[in-house]
Amino acid sequence: MKARALHVAGFGFRREATVGSLGQALDQLIDQSGAIDKLAAARSMLPLVEELGRLRHIEVIAVSDAELPTVTTLTHSAQSLQTRGTGSVAEAVALLAAGPNARLMGPRIISADRKATAALALAEGITE
């Protein structure tokens, strides 16, 4: 068995976001950091991310909405703090899905239409 890093893309988005919004944000992450192993979303936001996962053939991880406020994020959106209790849903989701000791690869990115955000977390030492 060898250890490798797991790349998890977490998403946050507005109600009017489309799969295209999420896909464009994901493409930005891939351009910056390479292949993505898994996608992640808060349970209440899961259907749209699951659709993207089906289209891209990438597994999707659901995280509890109640856990979002427990995560320290790099960015701080006033709207995200008010509605979800965290500075960045995308960053919080990525970290929660990647597991303990995960780290963000940078602040969230925003889709071109400004309806979706995505953040990349790295979980070290996954054995396969």
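See the structure shown above.
If you're wondering where the values come from, they're calculated on a predicted model, not measured in any experiment.

Participant: It is not clear to me how the overall build of the protein chain should be interpreted in this structure. Could you clarify?
Facilitator: Helix and strand counts for the protein chain stand at four helices and six strands. What you see in the protein chain, going N to C, is helices and strands ordered as β-α-β-α-β-α-α-β-β-β. The C-alpha radius of gyration of the protein chain comes to 13 Å, within 12% of the 14 Å expected for a compact globule of 128 residues. In terms of principal-axis extent, the alpha carbons of the protein chain reach across some 45 × 30 × 25 Å. In the protein chain, the share of contacts with a sequence separation of at least 24, taken over all contacts with a separation of at least 6, comes to 61%. If the 13 positive side-chain charges of the protein chain are averaged to one point and the 13 negative ones to another, these points end up 3 Å apart.

Participant: Is there a simple way to think about the environment of Pro69 in this case?
Facilitator: Relative to the helices and strands, Pro69 resides in the loop between strand E3 (59-63) and helix H3 (78-84). Taking the C-alpha atoms as reference points, Pro69 and Ala17, 52 residues apart in sequence, are found 22 Å from one another.

Participant: For this particular structure, what's the right way to read the side chain of Thr73?
Facilitator: Residue placement: Thr73 occurs in the loop between E3 and H3. With relative accessibility at 7%, the residue Thr73 sits in the buried group. Of the polar contacts made by the side chain of Thr73, one reaches the backbone oxygen of Thr75; its length is 2.8 Å.

Participant: Would you mind showing me how to read helix H4 (residues 89-98) here?
Facilitator: Since the α-helix advances by 3.6 residues per turn, residues separated by three or four positions end up pointing in the same direction. By the criterion of burial, H4 is predominantly enclosed, with nine of the ten residues buried. If you check which residues of H4 are buried, you get Val89, Ala90, Glu91, Ala92, Val93, Ala94, Leu95, Ala97 and Ala98. Of the residues trailing H4, Gly99 is marked for its positive phi of about 95°.

Participant: What should I look at first to understand the pairing of strand E2 (residues 38-42) in this one?
Facilitator: Every other side chain in a regular strand lies on the same face of the sheet, so the side chains alternate between the two faces. Among the five residues of E2, four are classified as buried, and the element is accordingly described as predominantly covered. Sheet analysis places E2 next to E3, joined by five bridges and oriented parallel. Looking across to E3, one finds that Ala40 is bridged to Ile61.

Participant: Would you explain the layout of surface pockets in this entry?
Facilitator: If you roll a probe as big as a water molecule over the atoms, it shows you where there is empty space left. Estimated volume of the largest pocket: approximately 630 Å³. For the lining of the largest pocket, the secondary structure elements donating two or more residues are strand E1 (3-13), H3, H4 and strand E6 (116-127). No other element matches H3, which puts four residues into the lining of the largest pocket. Partitioned by chemical class, the residues of the lining of the largest pocket number six nonpolar, nine polar and seven charged.

Participant: It is not clear to me how the side chain of Thr117 should be interpreted in this structure. Could you clarify?
Facilitator: Its place among the elements puts Thr117 in strand E6. Not counting the four nearest positions on each side in its chain, Thr117 is found in contact with Gly10, Phe11, Gly12, Ala90, Arg108, Ile109 and Ile110.

Participant: So what exactly am I meant to see when it comes to the environment of Ser111 here?
Facilitator: Its place among the elements puts Ser111 in the loop between strand E5 (109-110) and E6. The class of Ser111 is buried, set by a relative accessible area of 3%. Ser111 sits 83 residues away from Gln28 along the chain, and the two C-alpha atoms are 8.1 Å apart. At a separation of 2.6 Å, a polar atom in the side chain of Ser111 contacts the side chain of Asp113.

About the cut-offs
- Residues numbered from 1 in each chain as written.
- Predicted model: local features only at pLDDT ≥ 70, side-chain atom pairs only at ≥ 80, totals over all residues.
- Heavy atoms only, no water.
- Helix = DSSP H or I, 4+ residues; strand = E, 2+ residues; numbered from the N terminus.
- Rg over C-alpha atoms; globule rule 2.2 N^0.38 Å.
- Contact = heavy atoms within 4.5 Å.
- Lys, Arg positive; Asp, Glu negative; His and termini not counted.
- Charge placed at Lys NZ, Arg CZ, Asp CG, Glu CD.
- Buried < 20%, exposed > 50% of the residue type's maximum accessible area, 1.4 Å probe, protein only.
- Polar contact = N/O pair within 3.5 Å; in protein donor to acceptor, adjacent residues only side chain to side chain.
- Pairing = 2+ DSSP bridges.
- 1 Å grid on protein atoms, 1.4 Å probe; cavity = no way out; pocket = protein on both sides within 12 Å on 5 of 7 lines; lining within 4 Å.
- Points joined across faces, edges and corners; volume = space filled by probe spheres on them.
- Nonpolar A, V, L, I, M, F, W, Y, C, P; charged D, E, K, R; others polar.

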